[in-house]
Amino acid sequence: YKRTAGCGTGVNVTELPQRMPLTIEDRGEPRRATAGAIVIALVNNMPDPAVEATESQFGALLAAAAAAREVHLRLVSLPEVPREPETLERMASRYFTIEEALADPPDALIVTGLEPRASALENEPYWSRMCQLLDWTERHTASSIWSCLAAHAAVQALHGVQRHRLPEKRFGVFEHQLLARHPLLQDISRPLLTPHSRWNDVPPKALRDAGFEILSAAPENGADLFVQAGRSLLVCFQGHPEYGDTTLLREYRRDVGRFLRGEFSTWPGLPHAYFSNEALASLAAFQERAELRRDPTLMTEFPIAALTTGVHASWRPAAIAIYRNWLNMLAEVRGRRRANISVQA
């Protein structure tokens, strides 16, 4: 892992594999990527408490997937995403504005989701910007990845495919069937494990009717990974292959806290296929106490240590393989474009 001079990225270096050629670009320094480097802009739209964790998750995943490739990551923010002053201050020194980031076009974009505030995506303050970004990506990049809510925004903006609210949160680690042969799925073992954490879904039939190719899906979970080919390959994840081993645990703990503060009317559902049986026993005892005495101070007794035991990122090998395949595709496109420029010259 390398960091360009003067850049405090917020990435947890201990989570990044050693000797991996990932550089977080410094907004205040000239770009130092070599001619063969792949430049990826991470448009981080996650809520304030998750901004740094998202940097770490995508940084670690790209570092592990890069192998011998040189990869530069450019952190980007959208002005329309609501932020607290403290977060804006932290992001100001190292996050590129969207105009700065696109003025020197990256090879690809990763666009994250965020918690919705409006009942309809088109009423969100960032909707117009998302539409503009989709159009720019098709014309200027080799590919882009759209995650969770960003994937829902992409399919609605491009094809009018509306997401629908699920009766309960789709939460946990799910097994998915591989439905197509595609370069992104090279060397992927079956079934494909992916964490999901969402309240909404886009129907597989509507995606196919709109021209998307669904690469992985499960009967109980719907579409997982789907793509649409064009000048730029649009890659959509409803899940979160970038998640670290304890991310679902932290989200579950957050939801328990919301229940104890009265923000949720019912106890949050457990993450599917995630906790060990021993951890579930500890959690059941805590839940019984919490439902009898609904008090936010009980969070000091949340059995975090017991729940952490046995938790591991079973989806990680497949996530690394998918992102490595994606980087390989970006390198091939970059190579073809450079060759065409040389021929024309």
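Our subject is the structure that appears above.
The sections below set out a description of the structure shown in this document. (Residues numbered from 1 in each chain as written. Predicted model: local features only at pLDDT ≥ 70, side-chain atom pairs only at ≥ 80, totals over all residues. Heavy atoms only, no water.)

### Describing the pairing of strand 6 (residues 108-111)
Point 1. Here strand 6 shows no split at all, with A108 and I110 on one side and L109 and V111 on the other all buried.
Point 2. Two elements, strand 3 (residues 38-43) and strand 6, share four bridges in a ladder whose sense is parallel. Residue pairing in the sheet places L42 in a bridge with I110 of strand 6.
Point 3. Across four bridges, the pairing between strand 6 and strand 7 (residues 143-147) is parallel. Bridge assignment links I110 to a residue of strand 7, and that residue is I145.
Point 4. Crossover strand 6 to strand 7 through helix 4 (residues 127-140) is right-handed. (Buried < 20%, exposed > 50% of the residue type's maximum accessible area, 1.4 Å probe, protein only. Helix = DSSP H or I, 4+ residues; strand = E, 2+ residues; numbered from the N terminus. Pairing = 2+ DSSP bridges. Right-handed = clockwise from strand over helix to strand, strands pointing away.)

### Observations regarding the nonpolar core
Across soluble globular proteins, nonpolar side chains have a tendency to be buried as a group.
Point 1. Core analysis: the biggest nonpolar cluster contains 45 residues, and I40, L62, I110, V235, Y323, W326 and L327 have the highest contact counts within it.
Point 2. When residues of this core are traced back to their parent elements, those giving at least two are strand 2 (22-24), strand 3, helix 1 (51-66), strand 4 (71-77), strand 6, strand 11 (222-228), strand 12 (233-237) and helix 10 (316-344).
Point 3. By residue number, the principal contributor to this core is helix 10, which donates 11 residues.
Point 4. If we skip the residues at most four places from it in the chain, L327 touches I38, I40, L62, A65, A66, R69 and V71.
Point 5. Core analysis: the next-biggest nonpolar cluster, separate from the first, contains 37 residues, L78, L207, A210 and A217 among them. (Core = buried A, V, L, I, M, F, W, Y, C linked by side-chain atoms within 4.5 Å. Contact = heavy atoms within 4.5 Å.)

### Considering the pairing of strand 9 (residues 192-201)
Point 1. Burial runs high along strand 9: eight of the 10 residues are buried.
Point 2. The pairing of strand 8 (residues 164-178) with strand 9 spans nine bridges and is antiparallel. Looking at strand 9, one finds that R170 is bridged to R198.

### Considerations on helix 1
Point 1. The terminal C-alpha atoms of helix 1 lie 22 Å apart, and with 16 residues this matches the ideal 22 Å at 1.5 Å per residue to within 8%.
Point 2. Of all 16 residues that make up helix 1, 14 are buried, and the element is covered over most of its length. (Expected span 1.5 Å × (residues − 1).)

### Details of the packing of aromatic side chains
Each aromatic ring pair is summarised here by two numbers: the centre-to-centre distance and the angle between the ring planes.
Point 1. Inspection of the entire model under this criterion finds eight aromatic pairs.
Point 2. Seen from their ring centres, Y274 and F275 are 5.0 Å apart, and the 50° between their planes marks the pair as tilted.
Point 3. Here Y274 falls in the buried class, since its relative accessible area comes to 8%.
Point 4. Between Y323 and W326 the ring centres are 5.9 Å apart and the planes differ by 75°, which places this aromatic pair in the edge-to-face class. Linking Y323 with W326, this pair stays in helix 10, spanning three residues, or about one helical turn.
Point 5. Among the aromatic residues, those joined into a ring-pair cluster are F259, W267, F286 and F302.
Point 6. Across the ring face of F171, the terminal group of K169 is positioned such that the distance to the ring centre comes to 4.3 Å.
Point 7. The positively charged end of R294 is found above the aromatic ring belonging to F259, 3.9 Å away from the centroid. (Phe/Tyr/Trp six-rings, centres within 6.5 Å; stacked < 30°, edge-to-face > 60°. Lys NZ or Arg CZ within 6 Å of the ring centre and 35° of its normal.)

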